[in-house]
Number of protein chains: 2
Amino acid sequence: MSPERLARINAMLDNRQSDLTICLEHIHKPHNLSAVIRTADAVGVPEVHAIWLAESTRVSNHKASGSGQWVDVRSHDSTADAINHFRGQGMQVLVTNLSDTAVDYREIDYTRPTALMMGNEKDGISDQALALADQDIIVPMVGMVQSLNVSVAAALILYEAQRQRQAAGLYGVRTLDEAICQRHLFEGGHP
Amino acid sequence: MSPERLARINAMLDNRQSDLTICLEHIHKPHNLSAVIRTADAVGVPEVHAIWLAESTRVSNHKASGSGQWVDVRSHDSTADAINHFRGQGMQVLVTNLSDTAVDYREIDYTRPTALMMGNEKDGISDQALALADQDIIVPMVGMVQSLNVSVAAALILYEAQRQRQAAGLYGVRTLDEAICQRHLFEGGHP
Ligand SMILES: C[S@@+](CC[C@H](N)C(=O)[O-])C[C@H]1O[C@@H](n2cnc3c(N)ncnc32)[C@H](O)[C@@H]1O
Ligand SMILES: C[S@@+](CC[C@H](N)C(=O)[O-])C[C@H]1O[C@@H](n2cnc3c(N)ncnc32)[C@H](O)[C@@H]1O
C-alpha cells in the first residue's frame, strides 16, 4: 500500500463516528440504498443498518450497494430487533415521519449517540418504529409534494449531524473499534 | 377548488424563490431528475433547468418527473445558452465540482440571486460550465467514496440556501410573476 493511500485510510478512520448510525426500514430501491451508503461514508457513518422487506430484496440490494467496502451493511430481522440493538449502544432513536407534530430536524442534538431511522419509499416509517422511538423528526417542506426522496432526506439529516459534530470537535479523533480499523487497513491495502 | 386547497397553493406561491434555480447538465437517470424536482418544490425553487445529453433522454426524463406539475422543467440547447439565461436574470452562477480548490458550499451567500449547476452522473460538470461560472463549490466528504449522488448533493446545497433565505426573511413574500401564479391557481384547481 502506498503511503498516500495508508494516510487516506487512516484519516477516514479518524473521522468515523462510531456512535452515529442510520437504519433503513423496508427500503426496496437499490439506487436509494446505494445513495445512502455513499452519504454515510461521506459523513463518517461506519455502519448502515437495514430491515429488509423480503429476502430477495436483501440480496439484490446488498449487491447493488457498490461503495459497500467502506461501510458495513448490517441486517436485522425486525424493527424491534434493530431498535433494541441501538438502545444497547446507548443511542437516542430518531424516526423520520411526515407528521405535523414531528420536530424540525435542525432542532435535534446529534452530538449525542444517535440512530436515525428512515422509512419505506411508499408507506414511510412503520407504526412500530414510531411507537418505540424517542422522537420523530421532519425536514420542513414549503411546496406541494408530499415527501422528499428517502436518500435525500437521509443526507440532509446526516449532514446536519456532521455540522454539529464538526463544531463540537468530534471529527479527527479515532473512536472506532481497533479490530474494525485493522480490517479496513488490511482490506484497503489488498482491494 | 376547496378553500383549503386554495390556501395551500397560495402559501406555496408565497414561498417560491423566483431568483433561486438549479440547472442539470447532462443528467441521464430519471430517478435523479425526479428527486431533484421534488427537492426543488420542497425548498420553493420554481424552475429546474436542464441541458440534455440526447433528445431521447430529454423526453423520457421529462415524463419520469412526476411531480412536474408544480415545478417547470426548462430545456436549453447548450451549457452556454443556459448560463447566458442566468446572467440575463442577474444571477451568480455556481458549479459543483469535486476539486481541492472548490469552496465549501456553506461559505456561499445564497440570498443573492443564484443559479446552481449540477454535473453528469459519470463525468461531472463540463469544462465549459467551470470556465463560465463565477465560483465552484463542493460538499465536503470525509470518507473514501469519490462523490455523492447528484440529487443528494443538490439537496444539501438547496437546503443550505433555504436556511439562509429563511433567516433573511425571503420566504412568505410573493415574488413570483403574477402570470405564473394565475396559471398554477388555475391548473391546481383543475388537475
Ligand atoms: C417517500 S417517503 C414516504 C412517504 C410516505 N407516503 C409517508 O407518508 O411517510 C420515504 C421516506 O423518506 C423520508 N422522508 C421523505 N421526506 C421526508 C421529510 N420531509 N422529512 C423527513 N423524512 C422524510 C422518510 O424516512 C420516509 O419514510
Ligand atoms: C456522481 S458526481 C460526478 C462524479 C464525477 N466523477 C466527477 O469527478 O465530477 C455527479 C454530480 O453530483 C454532484 N456532486 C456529487 N458529489 C458532490 C460533492 N461532494 N460536492 C458537490 N457536488 C457533488 C456534482 O454536481 C457532480 O457533477
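To start, this report covers the structure provided alongside it.

Thresholds, definitions, all that
- Residues numbered from 1 in each chain as written.
- Chains lettered and ligands numbered in written order.
- Predicted model: local features only at pLDDT ≥ 70, side-chain atom pairs only at ≥ 80, totals over all residues.
- Heavy atoms only, no water.
- Near = heavy atom within 4 Å.
- Polar contact = N/O pair within 3.5 Å; in protein donor to acceptor, adjacent residues only side chain to side chain.
- Areas by Shrake-Rupley, 256 points an atom, 1.4 Å probe, with all protein chains shown as cover.
- Nonpolar A, V, L, I, M, F, W, Y, C, P; charged D, E, K, R; others polar.
- Buried < 20%, exposed > 50% of the residue type's maximum accessible area, 1.4 Å probe, protein only.
- Helix = DSSP H or I, 4+ residues; strand = E, 2+ residues; numbered from the N terminus.
- Pairing = 2+ DSSP bridges.
- Salt bridge = Lys/Arg side-chain N within 4 Å of Asp/Glu carboxyl O.
- Contact = heavy atoms within 4.5 Å.
- Buried area = accessible area lost by both parts, 1.4 Å probe.

The next subject is the site of ligand 2. In the vicinity of ligand 2 lie 18 residues, with B:Thr96, B:Gly119, B:Lys122, B:Val139 and B:Leu148 positioned nearest. Near ligand 2, the surrounding residues belong to chains A and B. A distance of 3.0 Å is found between a nitrogen atom of ligand 2 and a backbone nitrogen or oxygen belonging to B:Leu148. Isolated, ligand 2 exposes 570 Å² of accessible area, and the fraction of that covered by the protein chains is 85%. Of the residues belonging to the shell around ligand 2, the class tally is 9 nonpolar, 5 polar and 4 charged.

All names here are of chain A. Among the 5 residues of strand 4 (residues 92–96), 5 are classified as buried, and the element is accordingly described as predominantly covered. Side chains of strand 4 alternate between two faces, with Gln92, Leu94 and Thr96 and Val93 and Val95 buried alike. Inspection of the sheet shows strand 4 paired to strand 6 (residues 114–118) by 4 bridges, in the parallel sense. Pairing of Leu94 across the sheet is with Leu116, part of strand 6.

The subject of this paragraph is the pairing of strand 7 (residues 135–138) of chain B. Residue and element names in this part refer to chain B. As defined by bridge partners, strand 4 (residues 92–96) adjoins strand 7 across 3 bridges and the pair is classed as parallel. Counted as the bridge partner of Val95 is Asp136 from strand 7. As paired strands, strand 5 (residues 103–104) and strand 7 are joined by 2 bridges and run parallel to one another. Note that in strand 7 the partner of Val103 across the bridge is Ile137.

Tallied over the entire structure, the rule returns 18 salt bridges over all chains. Its salt-bridge partner being B:Arg183, residue B:Asp72 comes within 2.8 Å of it at the nearest N-O pair. Here B:Asp72, found in strand 3 (residues 72–76), pairs with B:Arg183, found in helix 7 (residues 178–189); they are 111 residues apart in sequence, far enough to count as distant. Its relative accessible area of 29% is what places B:Arg183 among the partly exposed residues. B:Glu160 is the partner of B:Arg163 in a salt bridge, and the nearest nitrogen-oxygen pair spans 2.9 Å. Of this pair, B:Arg163 and B:Glu160 both sit in helix 6 (residues 150–167), 3 residues apart, which is roughly one turn of that helix. The partly exposed category is assigned to B:Arg163, whose relative accessible area is 39%. Using a relative accessible area of 9% as the deciding quantity, one classes B:Glu160 as buried. Taken together, the shared-partner salt bridges in this structure form one network comprising A:Asp72, A:Arg183 and A:Glu187.

Further remarks concern the interface of chain A and chain B. Contact residues are listed per partner, giving 36 residues for chain A and 37 residues for chain B. Approximately 3,100 Å² of surface area, both sides summed, lies buried where chain A meets chain B, with 62% of it carried by carbon and sulfur atoms. For the pair chain A and chain B, the number of links is 0 salt bridges. Counting the contacts that link chain A with chain B gives 21 residue pairs in polar contact (both at pLDDT 80 or more). Mapped onto the side of chain A that touches chain B, the elements with two or more residues apiece are helix 1 (3–15), helix 2 (30–43) and helix 6 (150–167) of chain A. For the side of chain A that touches chain B, the residue count by class is 19 nonpolar, 11 polar and 6 charged.

The next point concerns the environment of A:Ala82. Residues and elements named next belong to chain A. Its place among the elements puts Ala82 in helix 4 (residues 79–88). In sequence terms Ala82 and Glu107 are 25 residues apart; their C-alpha atoms lie 24 Å from each other. What Ala82 contacts, discounting residues up to four positions off in sequence, is Cys23, Ile51 and His76.

On to the site of ligand 1. Taken together, 18 residues form the shell around ligand 1, and within it A:Thr96, A:Gly119, A:Glu121, A:Val139 and A:Leu148 come nearest. In this structure ligand 1 sits where residues from chains A and B come together. Taking A:Leu148, its main chain carries an N or O atom lying 3.0 Å from a nitrogen atom of ligand 1. Residue composition of the shell around ligand 1, by class: 9 nonpolar, 5 polar and 4 charged.

These figures capture arrangement, not role.
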